[in-house]
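One-letter residues, chain by chain:
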Amino acid sequence: MKKIIVFASGSGTNAENIIKYFAKTKIAKVVSVFTNNASAKVIERAKNHQIPTEIFSKSELLESNLLQKIQEIDPDMIVLAGFLLKFPDHIIEKYPNKIINIHPALLPNYGGKGMYGMHIHRAIINNKEKETGISIHYVNEHYDEGGIIFQKNVALTDEDTPETVAEKIHELEQKYFPEIISRLLED
């Protein structure tokens with residue numbers, strides 16, 4: 001069975017969805033959740049599923065001891081699910097094309113430093129976009145610039161608000177993220 005590590009910084013709804021999805025398969029299992037936020041709800045969600053958590057600081061992310069902990073687990077894939085820090089080059093180099101991220105917009109638009117969550121949804125509404133969506137991509141040394149694996153769009157209306165856009169995006173994330181992870185692990 002293949003091993004997945006999930007990195008998350010916040011509520012952990014995508015992380016929990018991935019945990020539940022793979023608990024029902026023989027393909028892979030989430031073996032650990034790593035977070036840079038000691039008060040993140042993802043910690044509680046992981047514990048509810050008996051998944052060990054690793055809490056670290058931003059400076060620890062840049063140090064080699066976190067890489068060592070990852071290497072001890074020997075994951076087949078590292079999944080960033082609402083992880084807000086830039087992933088360090090020394091980990092990316094050790095796991096080429098094995099680190100993926102989900103972004104709540106259709107890249108290359110609305111990507112880059114500071115573009116996450118409601119910041120993106122507000123920008124999309126302010127720019128009167130007619131559609132948005134999700135992008136699942138490989139992680140490289142630049143924010144949101146790794147090769148795109150999958151995109152799914154959703155139509156917007158003039159009545160949409162940043163909050164309704166967030167709901168639409170969340171539905172896409174919940175449906176497609178685990179499926180794409182599974183497909184990548186089966187290839």
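Structure report, in brief. Along each chain, the written sequence defines residue order, and numbers are assigned to residues from 1. In keeping with the model being predicted, local features are shown solely for residues with a pLDDT of at least 70 and side-chain atom pairs are shown and tallied solely at 80 or more, while totals for entire chains, interfaces and linings include all residues. Based on all heavy atoms of the structure, the side-chain values leave hydrogens and waters out of the count.

Regarding the packing of aromatic side chains
Part 1: We call Phe, Tyr and Trp rings a pair once their centres come within 6.5 Å, taking the six-membered ring for Trp, and we label the pair stacked below 30 degrees between planes, edge-to-face above 60, and tilted otherwise. Taken as a whole, this structure holds nine aromatic pairs when the rule is applied.
Part 2: Taking the centre distance of 5.9 Å and the plane angle of 80° together, the rings of Phe-83 and Phe-87 count as edge-to-face. For the pair Phe-83 and Phe-87, one class covers both residues: buried.
Part 3: Put simply, the rings of Phe-7, Phe-34, Phe-56, Phe-83 and Phe-87 touch in pairs and so form one group of aromatic residues. Accessibility here uses a 1.4 Å probe with only protein chains present; expressed as a share of the type maximum, an area under 20% marks a residue as buried, one over 50% as exposed, and anything in between as partly exposed.

A few points about the packing of helix 1 (residues 13-23) against helix 7 (residues 162-186)
Part 1: One way to put it is that helix 1 packs onto helix 7 with a least axis distance of 10 Å and a crossing angle of 45°. Considering their axes alone, helix 1 and helix 7 lie oblique with respect to each other. Seen along the crossing, helix 1 lies across helix 7 with a hand that is right-handed. Taken together, the residues of helix 7 that come into contact with helix 1 (itself represented by Thr-13, Asn-14, Asn-17, Ile-18, Tyr-21 and Phe-22) are His-170, Glu-173, Gln-174, Phe-177, Pro-178, Glu-179, Ile-181, Ser-182 and Leu-185.
Part 2: Looking at the contact of helix 1 with helix 7 residue by residue, the class counts come to seven nonpolar, six polar and two charged. Fitted lines through C-alpha atoms serve as axes, helices being fitted only where they are in contact, and the angles separating the N-to-C directions of these axes extend from 0 to 180 degrees. Under the scheme used here, helices are H or I runs from DSSP no shorter than 4 residues and strands are E runs no shorter than 2 residues, and both carry numbers assigned from the N terminus. When describing relative orientation, an angle under 35 degrees is termed roughly parallel and one over 145 degrees roughly antiparallel, while 65 to 115 degrees is termed roughly perpendicular and anything else oblique. When the near helix sits turned anticlockwise from the far one by under a right angle, the crossing is termed left-handed; a clockwise turn instead gives a right-handed crossing. We call two residues contacting when some pair of their heavy atoms lies within 4.5 Å. Gly is placed with the polar residues, together with every amino acid not listed as nonpolar (Ala, Val, Leu, Ile, Met, Phe, Trp, Tyr, Cys and Pro) or charged (Asp, Glu, Lys and Arg).

Structural notes on the environment of Lys-94
Part 1: If you trace the backbone, Lys-94 turns up in helix 5 (residues 89-94).
Part 2: Sequence separation between Lys-94 and Thr-53 is 41 residues; the distance between their C-alpha atoms is 21 Å.
Part 3: Lys-94 has contacts with Leu-67 and Gln-71, leaving out every residue within four places of it along the chain.

Some remarks on the nonpolar core
Part 1: Only buried residues count toward a nonpolar core, which is a set of Ala, Val, Leu, Ile, Met, Phe, Trp, Tyr and Cys residues joined through side-chain atoms within 4.5 Å. Counting 40 residues, the largest nonpolar core has Ile-4, Val-6, Ile-18, Val-79, Ile-100, Phe-177 and Ile-181 as the members making the most contacts within it.
Part 2: In terms of residue count, helix 7 provides more of this core than any other element does, nine residues in total.
Part 3: Core analysis: the next-biggest nonpolar cluster, separate from the first, contains 18 residues, Ile-78, Leu-80, Phe-83 and Ile-91 among them.

Observations concerning the side chain of Asn-17
Part 1: Counting through the fold element by element, Asn-17 comes out in helix 1.
Part 2: When neighbours within four sequence positions are excluded, Asn-17 is seen to be in contact with Glu-173, Gln-174 and Pro-178.

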